[in-house]
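What follows is the residue order along each chain.
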Amino acid sequence: MTDLPRLATPLPAAPTRPLLPVVGGDLRAPLAGGGDTRYVNLDYAASAPALQAVADHVAAILPTYASVHRGAGYASQLSTQRYEDARGTVARFVGARPDDVVVFTRNTTDALNLLAGCVPDGGEVVVLDIEHHANLLPWQRLAHRVVPAAATLAQTLSRLQVELARRPAALLAVTGASNVTGEQLPLGALAGLAHRHGARIAVDAAQLAPHRRIDVVAGEIDYVAFSGHKLYAPFGAGVLVGRRDWLDAAPPYLAGGGAVREVTVTATDWAPAPARHEGGSPNVIGAAALARACEAVAALPEGCAEVHESALRRRLLAGLDRIDGVRTLRLWPDSGSAIGVVAFTVDGYPARQVAEYLSAEHGIGVRDGRFCAHPLLSKLSADGGALRASFGLGSTADDVDRLLAAVERLVTEGTTRTYATSAERPCD
């Protein structure tokens, strides 16, 4: 590995220590040329590593893991209490209203599919064309309208204003932060737009929740969904938080035990939410892990995570800008804030080839492809895919510098081996 060349203008300063310890922070990765190196995980946006505090919590509660809601035994009572306590923790984490419902799901995709089944009959959903598939495909089964994002964020908001005024809609579904470019959307302004025209707003916070504080009440957000595996709790839980009326009126998302009050062979009296949508044995470990991650992230000083990753993002963008043939992807020149996600391309190299090179020769993990956001990649003139570096609480300046040095070496020296130029993968 070569170092970056010394430049007259140094790269912006960035933190040298993680904000919180993560599991696998000292992982070693084998190198194609022999030996190994510290693994650089720059794929937080796909699945973030577990916080050590989360792993420790799971290990501590496993001895008393048991059935939930159904048992009178000591372990069952403890597990039931942990599961229900987790709802309160998640509600506090997002600043929910006292009467909001917290429904545990598998992930953000699951949560938004659940919400799609709760939109009142005949209600239309308005969505931008920049969404992750999780916040695009569920609405395609309903009456929906897709608004193309404009060249600027201000113009995009204007387009949404026109569309919401043109015909009533039940729901505006938006991302909190792009999983491709990291750019944040102004949720307060979007909520205001929706409410002025009689619509509710749902926020896909899969990328936002691990990086920024969410306040449902202050932001006037009706529904928010996010995943544990992106919030340092990779134990198979996600969540939908929001207003009760739609959730109580909708058919059960998953018909089964636990979702009912009374059953006969001919009829069922369904329970209200959240039980209504949590049929079957719940993922108590996943819920407890997600709650512990929420507690750990919320305990950080206000703005601490934003300062940490903004410094890393500035350093990465400045470094990539100095490498010939590298293009970073951005939606809007006026977007302002962004989370720790940067997508880029390297002239002359397919994204898959670059990703395999970074892994095999430098021990660096990044994502490549179209990031389950095909329309957005097309809009960004990257139909063939791109690379994405993403970071978080466990990342440091050294991680950024390792990536910059590796990309610089690729551009100046090329690869020493043959790597794949494409790969068929789910969702790409």
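Since this is a predicted model, take the numbers as computed values, not measurements. (Residues numbered from 1 in each chain as written. Predicted model: local features only at pLDDT ≥ 70, side-chain atom pairs only at ≥ 80, totals over all residues. Heavy atoms only, no water.)

Focus on the packing of aromatic side chains
The relation between two aromatic rings is expressed through the spacing of the ring centres and the mutual angle of the planes.
Piece 1. Evaluated as defined, the whole model comprises four aromatic pairs.
Piece 2. Their ring planes at 70° and their centres at 6.1 Å tell us that Tyr44 and Tyr232 sit as a pair that is edge-to-face. Taken together, the residues Tyr44 in the loop between β3 (40–41) and α1 (52–61) and Tyr232 in the loop between β9 (223–227) and β10 (238–242) connect sequence positions 188 residues apart. The residues Tyr44 and Tyr232 share a single accessibility class, namely buried. (Phe/Tyr/Trp six-rings, centres within 6.5 Å; stacked < 30°, edge-to-face > 60°. Helix = DSSP H or I, 4+ residues; strand = E, 2+ residues; numbered from the N terminus. Buried < 20%, exposed > 50% of the residue type's maximum accessible area, 1.4 Å probe, protein only.)

Examining the domain arrangement of the protein chain
Piece 1. Each domain of the protein chain was delimited in the assignment, giving domain 1 (28–50 + 301–413) and domain 2 (52–299).
Piece 2. Relative placement of domain 1 and domain 2: their C-alpha centres are 28 Å apart.
Piece 3. On the side of domain 2, 34 residues touch domain 1, which itself brings 41 residues to the contact.
Piece 4. Carbon and sulfur atoms make up 55% of the surface buried where domain 1 meets domain 2, a total of about 3200 Å² over both sides.
Piece 5. The largest contributions to the domain 1 side of the interface with domain 2 come from Ala50, Trp332 and Ile339, which together make up 22% of the buried area. (Domains from an automatic or database assignment. Contact = heavy atoms within 4.5 Å. Buried area = accessible area lost by both parts, 1.4 Å probe.)

Concerning helix α5 (residues 187–196)
Piece 1. Within α5, the full set of buried residues consists of Leu187, Leu190, Ala191, Gly192, Leu193 and Ala194.
Piece 2. Residues of α5 that are buried in the fold lie against α4 (153–166), β7 (171–175) and β8 (200–204).
Piece 3. A positive phi of about 80° marks Gly198, the residue just after α5.

Side note on the pattern of salt bridges
A side chain of one charge can pair with a side chain of the opposite charge when the charged atoms of the two come close.
Piece 1. A full pass over the atoms with the stated rule returns 25 salt bridges.
Piece 2. With a closest N to O distance of 3.0 Å, Asp100 and Arg97 form a salt bridge.
Piece 3. Taking the relative accessible area as the measure of exposure, Asp100 reaches 11% and is therefore buried.
Piece 4. Arg97 gets classed as buried once you look at its relative accessible area, which sits at 13%.
Piece 5. For the salt bridge of Arg106 with Asp110, the shortest nitrogen-to-oxygen distance reads 3.7 Å.
Piece 6. For Arg106, a relative accessible area of 58% corresponds to the exposed category.
Piece 7. Within the structure, one salt-bridge network assembled from shared partners comprises Glu124, Arg145, Glu163, Arg166 and Arg167. (Salt bridge = Lys/Arg side-chain N within 4 Å of Asp/Glu carboxyl O.)

Let's talk about the side chain of Glu361
Piece 1. Turning to its location among the elements, Glu361 is positioned in helix α9 (residues 351–362).
Piece 2. Arg417 provides the closest opposite charge to the buried, salt-bridge-free Glu361, at an N-O distance of 4.7 Å.
Piece 3. Here the side chain of Glu361 touches Thr416 through a polar contact of 3.1 Å, side chain to side chain.
Piece 4. When neighbours within four sequence positions are excluded, Glu361 is seen to be in contact with Leu31, Thr415, Thr416, Arg417 and Tyr419. (Lys, Arg positive; Asp, Glu negative; His and termini not counted. Polar contact = N/O pair within 3.5 Å; in protein donor to acceptor, adjacent residues only side chain to side chain.)

Focus on the nonpolar core
Piece 1. Counting residues in each nonpolar core, the largest one holds 82 residues, and the members touching the most others are Leu190, Val224 and Phe226.
Piece 2. The biggest single contributor to this core is helix α7 (residues 284–298), with eleven residues.
Piece 3. The residues touching Leu190, leaving out its near neighbours within four places in the chain, are Leu157, Leu160, Leu172, Val174, Leu185 and Ile201.
Piece 4. Within the second largest apolar cluster, 31 residues are counted, among which are Ala14, Leu320, Val366 and Tyr419. (Core = buried A, V, L, I, M, F, W, Y, C linked by side-chain atoms within 4.5 Å.)

So, the sheet that holds strand β14 (residues 341–346)
Piece 1. Spatially, four strands are ordered β13-β14-β17-β16 in an open sheet, and the strand pairing comes out antiparallel. Each edge of the open sheet is held by one strand with a lone partner, namely β13 (326–328) and β16 (367–369). Pairs of neighbouring strands in the sheet enclose a mean axial angle of 30°, with direction left out of account.
Piece 2. As defined by bridge partners, β13 adjoins β14 across three bridges and the pair is classed as antiparallel. Bridging across to β14, Arg327 finds its partner in Thr345.
Piece 3. On top of the sheet, helix α8 (residues 304–321) reaches β13, β14 and β17 (386–390); it is set at about 10° to β14, its chief contact.
Piece 4. Along the sheet, helix α11 (residues 397–413) contacts β13, β14 and β17; its crossing angle with β14, the most-contacted strand, is approximately 10°. (Pairing = 2+ DSSP bridges. Axes fitted to C-alpha atoms, helices over the stretch in contact; angles between N-to-C directions.)

Brief notes about the pairing of strand β4 (residues 101–105)
Piece 1. With five of five residues buried, β4 lies mostly within the body of the structure.
Piece 2. Burial of the side chains of β4 extends over both faces: Val101, Val103 and Thr105 are buried on one face and Val102 and Phe104 on the other.
Piece 3. Sheet topology note: the β4/β10 ladder contains five bridges and is antiparallel. Considered in β10, the bridge of Val101 is made with Gly242.

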